[in-house]
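Summary of structural features
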Amino acid sequence: MSTSLSALLGLVFLGLANASVFLMFKLWGYPFDKATRTSEAPPSLMLLHRLIGYAYALLYVFMMWHMVPRLWNYQVELPPRTVAHLMLGITIGVLILVKIAILRFFRHFEESMPYLGTALLLCTYLLIGLSVPFTFREAALRTQTGAFSEEGIARTRQLLETAGLPPDTPLDELASKRKLQDGQKVLQRKCVVCHDLRTILAKPRTPPDWVRLVNRMAMKPVIGEPIHREEEWSVSAYLIAITPDIQTSVKQQRQQQMQADEAKAAVQTAALVMATEETPDTYDAAAAKVLFEDKCSQCHPITDVEDYPPRSEEETTEVITRMIEHGLYLEEPEIEQIARYINENYLEQ
């Protein structure tokens, strides 16, 4: 089952859960005779609610039928998001079984149904929230990559000549949009069985390195369907094609890390300056207030500092460092100004 179809079914699954729960809330608003266990709700609504419940359960079984066998093919520890996804899927299955058991055999627990239905809805939201947004993000990134452009295909064709592929490899065919898309599907369908996608695309590689890596992975024994020779070629071509995107991503991450490291060093320097100099000549209380309100309000309300003020100068330094790690960019003089302003106006006495 493709990722796009899986995402579509996930949204349908979520829609059925919403319809079932909120219709249940409406039905429980009608008078109910506990002695005969009958409700005065319209039979048509009761039938609709039952059909929605059947559709929800059948769709759950269908999706699990396709997804659970893939877990047996994993040869490494499951990624955290996959584990959470699996646990939520199992929880939903247990709740469905409990609901069915109550309706068929244990009607004296029937008053707990609204709670079970709400729990199912919550688990469904969490389950879909862990999968569908990532699928849409992947689709958006797919449209942004230059691998499928004419320039990207021409570049890939040139690099394939240096990739060390067998002489009989159809390079012109591999360097086509159709084959690159085939390689992308192999990556998403087979390679992720053993490896998290973030691990595969963690760093750029040279064309020969990609070919050797894919060949080495394809030669490993697997429980499921192996990667065939033509698929090796296509996924290698795709990885070569998206290497510039990987390089750009790695470069951005490196720059962000360097900025964060420089900012941390600046925070430590500013703390040292404040510890050794009682009144810096460059400090302007009015300007520091404006700077503090402008910078700190980018991430959270200023009232957060008032409600939870730092208890020491060291804690002020820790707070500023944490904000920088979360993406706030500050020059060293700005760090000194903000730190001193916080210490003079918010520090607990």
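Whatever comes next refers back to the structure up there.
Now for a quick tour of the structure. (Residues numbered from 1 in each chain as written. Predicted model: local features only at pLDDT ≥ 70, side-chain atom pairs only at ≥ 80, totals over all residues. Heavy atoms only, no water.)

Below, the discussion takes up a nonpolar patch on the surface. Together, Val-83, Met-87, Ile-90, Val-94 and Val-98 make up a nonpolar patch on the protein surface, roughly 380 Å² of accessible area in all. Looking at where Met-87 falls in the secondary structure, it is placed in helix α3 (residues 80-104). Accessibility expressed as a relative area gives 43% for Met-87, which makes it partly exposed. (Patch = residues over 30% accessible without salt bridge, like charges linked within 9 Å, V, L, I, M, F, W, Y side chains within 5 Å. Areas by Shrake-Rupley, 256 points an atom, 1.4 Å probe, with all protein chains shown as cover. Salt bridge = Lys/Arg side-chain N within 4 Å of Asp/Glu carboxyl O. Helix = DSSP H or I, 4+ residues; strand = E, 2+ residues; numbered from the N terminus. Buried < 20%, exposed > 50% of the residue type's maximum accessible area, 1.4 Å probe, protein only.)

One can describe the packing of helix α10 (residues 207-219) onto helix α11 (residues 229-241) by two numbers: an axis separation of 9 Å at closest approach and a directional angle of 140 degrees. With respect to their mutual orientation, α10 and α11 come out oblique. For the pair α10 and α11, the crossing hand works out as right-handed. Across the interface between the two elements, Pro-207, Trp-210, Val-211, Val-214, Asn-215 and Ala-218 from α10 touch Glu-232, Val-235, Ser-236, Leu-239 and Ile-240 from α11. (Axes fitted to C-alpha atoms, helices over the stretch in contact; angles between N-to-C directions. Parallel < 35°, antiparallel > 145°, perpendicular 65-115°, else oblique. Left-handed = near helix turned anticlockwise from the far one by under 90°. Contact = heavy atoms within 4.5 Å.)

With that out of the way, let us pick up α10. With 13 residues, α10 extends 19 Å between its outermost C-alpha atoms, agreeing within 8% with the 18 Å of an ideal straight helix rising 1.5 Å per residue. Taken residue by residue, α10 has Pro-207, Trp-210, Val-211, Leu-213, Val-214 and Ala-218 as its buried positions. The buried side chains of α10 occupy one side of the element, clustering within an arc of 165 degrees when seen end-on. (Expected span 1.5 Å × (residues − 1). Arc of directions from axis to C-beta.)

Turning our eyes to something else, we now look at the nonpolar core. Grouped together as the largest cluster of nonpolar side chains are 30 residues, with contacts concentrated most on Phe-13, Tyr-56, Leu-59, Ile-92, Ile-96 and Leu-120. For this core, the secondary-structure elements that each account for two or more residues are α1 (3-27), α2 (43-71), α3 and α4 (113-129). At 10 residues, α1 tops the list of elements feeding residues into this core. Sequence-distant contacts of Phe-13, defined by excluding residues within four places in its chain, comprise Tyr-56, Leu-59, Tyr-60, Met-63, Ile-92, Thr-124, Leu-127 and Ile-128. Formed by 25 residues, the second largest nonpolar core is a distinct cluster that contains Ile-153, Ala-175, Val-186 and Leu-213. (Core = buried A, V, L, I, M, F, W, Y, C linked by side-chain atoms within 4.5 Å.)

Relative to the helices and strands, Lys-179 resides in helix α8 (residues 177-189). Despite being buried, Lys-179 has no salt bridge partner; Glu-173 is the closest side chain of opposite charge, sitting 4.1 Å away. Those residues within four positions of Lys-179 in sequence are excluded, and the remaining contacts are Glu-173, Leu-174 and Ser-234. (Lys, Arg positive; Asp, Glu negative; His and termini not counted.)

The next subject is the environment of Ser-236. Locating Ser-236 in the fold gives a position in helix α11. For the pair Ser-236 and Leu-187, spaced 49 residues apart in the sequence, the C-alpha separation amounts to 9.3 Å. In this structure Ser-236 touches Trp-210, Val-211 and Val-214, once residues within four positions along its chain are discounted.

Another point: the pattern of salt bridges. What the rule picks out here adds up to 9 salt bridges. A salt bridge links Arg-107 to Glu-110, with the shortest nitrogen-to-oxygen separation between them at 2.9 Å. With relative accessibility at 11%, the residue Glu-110 sits in the buried group. In this structure, the salt-bridge partner of Arg-340 is Glu-344, at a minimum N-O distance of 2.5 Å.

Worth remembering: the numbers are spatial, not functional.
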